[in-house]
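Listed below, chain by chain, are the residues.
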Amino acid sequence: MNGPTDRNADERELAEFEARIARGEKIEPGDWMPEEYRQQLIRMISQHAHSEIVGMLPEGAWITRAPNLRRKMVLLAKVQDEAGHGEYLYHAAETLGPTREEMLDDLLDGRAKYSNIFNYPTLTWADIGIIGYFVDGAAILNQTMLARCSSYGPYARANVRICAEESFHMKQGKEMVIRMATGTAEQKRLVQDAVNRWWWPTLMMFGPHDQHSPNTPQLVRWGIKTRTNDELRQTFVNNLVPELHALDLEIPDPDLHYEEESGNWIIGEIDWDEFWAVIHGDGPCNEERLAARRRAHEEGRWVREAMAAYAERKKEPERA
Ligand code: FAQ
């Protein structure tokens, strides 16, 4: 049981920890941190890592079907970058205690969450453009905040590199959408259909409304995130709506309107029942995505075992 002296020491450490965050200092591995801070970071960084790894699947399915060599090379590079992002993020999470194996078990056993957006199917080539434009665009907005401001050093630094790469992902997607929207009637039809299917799930990526977001207050208090889910979603909508209008693409929201006083584009209500169902495992592709990750994990087992055996061998003294 903690006595009054222990409690005073804990309070002093917490006050010093919060003062460091207020001064804009980064918290580094090994520094004192409250247990809730550590748990919040493990939750958020591991979910982010899983999202990158599962996020390779919807686009990966189109590598063999890219319409030309340039597009195939770009898509290959993008999907490979996403694997790299998963790597940096699992490393960042490992600095807080959990092992890679434990985090992957949580994902493969269905205990961990990953972004809602990767549970939707990629039905046409236009979806690949829209993923780059919308999904990477949403991810960049969120992760630029994390790169600039997140109080945990390894996570902030991982996001610096991730954002640099994702800005290339976003630009290639936007270029594809512009070309298709200004191309043949069939291309325009395909890209409009992709906008219709991806608009709402992309807006859900920012998470529930602030009043239904249990984690935001603690994350904001400790400088892990500095803008709320609704604030980021609004910025995203304000940026995107004029661009889609300029391309003569329709937005599938009859309630969308411009509000003079705030300067915001106001959206209609998001289907939160769909959001909660998808993040709790009941979306269109959840089963397929986890089955693909489990298969990849099994198929990679011999590589992991061979690497572990090689590392053991290297520890043995040189044979004469
Ligand atoms: N999907 O209290 P909040 C990418 C959960 S990377 C699934 O508001 P928080 C790159 C949330 O976990 C995309 N679950 O949570 C790429 C919580 O449940 P829990 C991923 C969601 O943490 C592009 C519950 O709802 N990015 O796209 C989602 O304050 C293209 C209550 O929510 C990151 O992970 C969701 N969308 O805010 C790859 C960035 N939203 O854990 C391939 C870092 C909420 O208590 C191709 N993460 N939930 O059981 C964050 O910024 C935050 O964690 C949020 C959620 C904003 C995702």
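Within each chain, residue numbers correspond to sequence positions counted from 1 in written order. Two thresholds apply to this predicted model, a pLDDT of at least 70 for residue-level local features and 80 or more for giving and counting side-chain atom pairs, whereas whole-chain, interface and lining totals are computed over all residues. To obtain the side-chain values, all non-hydrogen atoms of the structure were used and water was disregarded.

Caption draft 1: Region of the structure containing the site of the ligand. Whether a residue is near a molecule or strand depends on its heavy atoms: if one lies within 4 Å, it is near. Residues in close proximity to the ligand total 38 residues, the closest being Arg43, Gln47, Lys113, Ser213 and Lys225. We call two N or O atoms a polar contact when they sit within 3.5 Å, provided that within protein one can donate a hydrogen and the other can accept it, with sequence-adjacent residues counted only if both atoms are side-chain atoms. In this structure, an oxygen atom belonging to the ligand sits 2.8 Å away from a side-chain N or O atom of Gln47. One nitrogen or oxygen atom from the main chain of Asn116 is found 2.9 Å from a nitrogen atom belonging to the ligand. Shrake-Rupley sampling with a 1.4 Å probe provides the accessible areas, and residues are treated as covered by the protein chains on show and by no other component. Here the ligand, which alone exposes 1100 Å², has 91% of that area covered by the protein. Structurally, the ligand is housed in the largest pocket. Where helices and strands are cited, they refer to DSSP runs of H or I of at least four residues and of E of at least two residues respectively, numbered from the N terminus. Counting only elements with at least two residues in the shell around the ligand, the list comes to helix H2 (35-54), helix H4 (69-94), helix H6 (125-149), helix H7 (153-181), helix H9 (216-221) and helix H11 (272-279). Points on a 1 Å grid over protein atoms alone make up a cavity when a 1.4 Å probe fits among them but cannot get out, and a pocket when they form an open set with protein on both sides within 12 Å along at least five of seven lines; lining residues each have an atom within 4 Å of a point. The rule for placing a molecule in a cavity or pocket is simple: more than half of its atoms must lie within 2 Å of the grid points.

Caption draft 2: Fine view of helix H8 (residues 185-204). In this analysis, the expected span of each helix is defined as 1.5 Å times one less than the number of residues it contains. With 20 residues, H8 ought to run about 28 Å at 1.5 Å a step, and its terminal C-alpha atoms sit 30 Å apart, in line with that. Fitting axes to the seven residues that end at a residue and to the seven that start at it, the angle between those axes gives the bend at that residue. Of all bends in H8, the biggest is about 35°, found at Trp198, and the proline Pro201 comes one to four residues later. Relative accessibility under 20% of the residue-type maximum defines a buried residue, over 50% an exposed one, and the middle range a partly exposed one, all with a 1.4 Å probe and only protein chains included. Within H8 the residues assigned to the buried category are Val191, Gln192, Ala194, Val195, Trp198, Trp199, Trp200, Pro201, Thr202, Leu203 and Met204. The contact criterion used throughout is that any non-hydrogen atoms of two residues lie within 4.5 Å. Those residues of H8 that are buried are in contact with H6, H7, helix H10 (229-246) and H11.

Caption draft 3: Structural view of the nonpolar core. We call a set of buried residues a nonpolar core when its members are Ala, Val, Leu, Ile, Met, Phe, Trp, Tyr or Cys and they connect through side-chain atoms within 4.5 Å of each other. Among the nonpolar cores identified, the biggest contains 79 residues, and Tyr37, Ile45, Phe134, Tyr152, Trp198 and Trp199 are the most heavily contacted of them. If you tally residues by element for this core, the top one is H6, at eleven residues.

Caption draft 4: Expanded view of unusual backbone geometry. A positive phi angle is found at Asp248, which is not glycine, with a value near 60°. With respect to the helices and strands, the residue Asp248 is situated in the loop between H10 and strand S1 (257-259). When its relative accessible area of 56% is taken as the criterion, Asp248 is described as exposed.

Caption draft 5: Molecular detail of the packing of H7 against H8. H8 packs onto H7 with a crossing angle of 130° between their chain directions and a minimal axis gap of 7 Å. Taken as axis vectors, H7 and H8 run oblique relative to one another. Side by side, H7 and H8 meet where Val177, Arg179, Met180 and Ala181 of the first sit next to Gln187, Lys188, Leu190 and Val191 of the second. Classifying every residue of the contact of H7 with H8 by side-chain character gives five nonpolar, one polar and two charged. Axis lines are fitted to C-alpha atoms, over the contacting stretch for helices. Their N-to-C directions set the angle, which ranges from 0 to 180 degrees. Between 65 and 115 degrees an angle is taken as roughly perpendicular, under 35 as roughly parallel, over 145 as roughly antiparallel, and anywhere else as oblique. All amino acids are sorted into three groups, where Ala, Val, Leu, Ile, Met, Phe, Trp, Tyr, Cys and Pro are nonpolar, Asp, Glu, Lys and Arg are charged, and the leftover types, Gly among them, are polar.

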